[in-house]
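# Overview (structure and organization)
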Amino acid sequence: MHANVKPKPKAKLAPKPKAEPQPAVTILGTTEQADGDWQLLQLEKRLDQLTRMIQLRHRNRPERIVWAQQGHTSKVSRVDDQPTGPIPGDALVTNQTGVLLTVRTADCMPVFFESEKAVGIAHVGMAGAVEGLVPKTVRALKRYYSVKPEKLSVRFGPHICASCYRMSVNNDDYLAKHPEAAKYVTSRGHHRYFSMMDIISEQLAELGVTTMAADSRCTYHSAGLFSARRGHGDQRQLSFIMRASTSPPVDPNA
Ligand SMILES: [Zn+2]
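Residues numbered from 1 in each chain as written. Predicted model: local features only at pLDDT ≥ 70, side-chain atom pairs only at ≥ 80, totals over all residues.

### Some thoughts on the overall build of the chain
To keep things clear, this is the line we draw: The numbering of helices and of strands both runs from the N terminus, where a helix is a DSSP run of H or I of at least 4 residues and a strand a run of E of at least 2. A residue is called partly exposed when the number of other C-beta atoms within 10 Å of its own lies between 12 and 20, exposed at 12 or fewer, and buried at 20 or more, with C-beta atoms placed from the backbone. Note that contacts rest on C-beta atoms placed from the backbone: two residues are in contact if these are within 7 Å.
Looking only at helices and strands, one finds six helices and 13 strands in the chain. Counting every position in the chain, which comprises 254 residues, the buried fraction comes to 36%. Sequence separation of 24 or more characterises 68% of the internal contacts of the chain that already satisfy a separation of 6 or more.

### Considering the packing of helix H4 (residues 133-145) against helix H6 (residues 196-206)
The criterion, for reference: Inter-axis angles, ranging from 0 to 180 degrees, are taken between N-to-C directions of lines fitted to C-alpha atoms, where helices are fitted over the stretch in contact. Note on terminology: angles under 35 degrees are roughly parallel, angles over 145 are roughly antiparallel, angles of 65 to 115 are roughly perpendicular, and the others are oblique. Here a crossing is taken to be left-handed if its near helix is turned anticlockwise relative to the far helix by less than a right angle, and right-handed if that turn runs clockwise. All residues other than Ala, Val, Leu, Ile, Met, Phe, Trp, Tyr, Cys, Pro, Asp, Glu, Lys and Arg, Gly among them, are scored as polar; the first ten of these are nonpolar and the last four charged.
At their nearest, the axes of H4 and H6 sit 9 Å apart, and the two run at 30° to each other. Comparing their axes, H6 and H4 come out roughly parallel. Judged by the sense of rotation from one axis to the other, the crossing of H4 with H6 is right-handed. Here H4 contributes Val134, Pro135 and Val138 to the contact with H6, which in turn contributes Ile200, Gln203 and Leu204. In terms of residue class, the contact of H4 with H6 is built from five nonpolar, one polar and no charged.

### Some words on the pairing of strand E11 (residues 191-194)
Stated precisely, the cut-off is as follows: Criterion used throughout: strands pair if DSSP finds at least two bridges between them.
Across four bridges, the pairing between strand E10 (residues 185-188) and E11 is antiparallel. In the strand pairing of E11, Thr186 is matched with Tyr193.

### Some words on the pairing of strand E8 (residues 119-124)
Taken across its six residues, E8 has six buried, putting it largely inside the fold. Strand direction decides the pairing type here: strand E5 (residues 91-94) and E8, joined by four bridges, are antiparallel. Along E8, the bridge assignment pairs Val93 with Gly120. The antiparallel pairing of strand E7 (residues 109-114) with E8 creates a hairpin that spans four residues between the two strands.

### Overview of the sheet that holds strand E9 (residues 153-156)
Working definition: the strands of a sheet are paired by backbone hydrogen bonds and lie parallel or antiparallel to each other. Taken together, six strands build an open sheet; the order of strands is E3-E5-E8-E7-E9-E12 and the sheet is mixed. Two strands bound the open sheet, and with one partner strand each, they are strand E3 (76-78) and strand E12 (211-214). Adjacent strand axes in the sheet meet at a mean angle of 15° when their direction is disregarded. Most of the contacts of H6 go to E12, to which it runs at about 165°, and overall it touches E7, E8, E9 and E12.

### What to know about the nonpolar core
We apply this condition: The term nonpolar core refers to a group of buried residues, namely Ala, Val, Leu, Ile, Met, Phe, Trp, Tyr and Cys, whose C-beta atoms join them within 7 Å.
Counting residues in hydrophobic clusters, the biggest one holds 56 residues, and the most contacted among them are Leu101, Val111, Ile121 and Val124. Sort the elements by how many residues they give to this core and H4 lands first, with five residues. Setting aside anything within four residues of it in sequence, one finds Val111 in contact with Ile121, Ala122, Val124, Val134, Val154, Phe156 and Gly157.

### Quick word on H6
Under the convention used in this document: Of all possible arcs, the one meant is that of the directions from the helix axis to the C-beta atoms.
All of the buried residues along H6 are Met196, Ile199, Ile200 and Leu204. Each buried residue of H6 lies within a common arc of 130° when the element is viewed along its axis, so the set occupies one face. Facing away from the buried side of H6 by more than 90 degrees, the exposed set consists of Glu202, Ala205 and Glu206. Phi turns positive one or two residues past the end of H6, at Gly208, with a value near 95°.

### Focus on the environment of Arg59
Considering the arrangement of structural elements, one finds Arg59 in the loop between helix H2 (47-58) and strand E2 (64-68). In this structure the C-alpha to C-alpha distance between Arg59 and Ile27, which are 32 residues apart in sequence, comes to 9.6 Å.

### Quick word on the sheet that holds E2
Across the sheet, which stays open at both edges, the five strands sit in the order E1-E13-E6-E2-E4 with mixed pairing between neighbours. Looking along the sheet, the strands with just one partner apiece sit at the ends: strand E1 (24-30) and strand E4 (85-87). Each strand of the sheet is rotated relative to its neighbour by a mean of 25°, with strand direction disregarded. Pairing analysis gives five bridges linking strand E6 (residues 99-105) to strand E13 (residues 237-245), with the strands arranged antiparallel. By the bridge assignment for E13, Thr105 is matched with Gln237.

Here it is, written out as structure tokens:
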């Protein structure tokens with residue numbers, strides 16, 4: 001034994017190569033009632049089923065599945081090498097291929113962000129809309145992946161529409177603290193209604209996003225979708241987006 005052996009110098013890790021965007025196509029979608037309930041407890045149990053569903057419908061197998069922890073925050077998380085599992089925040093962005101980014105919604109709005117360089121997804125309710133989760137996601141895509149807002153395509157998934165999103169006492173209390181949101185509220189009869197679409201599309205336009213599309217289905221009055229306000233409790237749709245690599249699969253015998 002050499003008592004005076006110097007401790008081995010720690011192996012220096014080579015700097016991680018900067019992940020270059022690879023050629024990719026984007027796949028995205030939202031499940032329906034017929035696809036089952038994807039609330040968190042179900043999602044965790046049904047990851048294999050989700051992988052098969054994506055593979056069957058989109059001809060591409062996710063390598064990893066991640067989900068936003070979701071707490072009506074305005075936090076955006078960058079997803080790089082995280083394994084399958086939960087990620088803090090209500091919006092996720094990545095430029096990696098094969099990573100399925102997911103959020104769960106019933107009446108809230110899933111928002112999809114698509115570009116050649118990176119993708120993102122957000123779970124947006126009234127607080128997320130008013131507190132700017134969507135513009136924060138656009139800025140994160142620009143900061144991390146140099147995605148220009150004018151090169152970004154944003155889609156609004158199925159959500160409760162402005163005719164159905166009747167304000168509760170809690171909503172009223174919330175809006176009292178955010179008077180800037182009052183212009184997105186309309187009154188009909190004794191009730192007041194909030195438009196998530198109006199506020200979000202205005203925020204996007206201000207940032208220079210010009211390509212926007214919306215799923216015309218309202219969760220509250222579409223029979224095939226879960227709606228918490230229509231009595232579906234904790235049941236949720238799953239929305240997902242993934243950069244799918246277009247490179248041919250590697251032949252392990254080559
Ligand atoms: Zn509606």
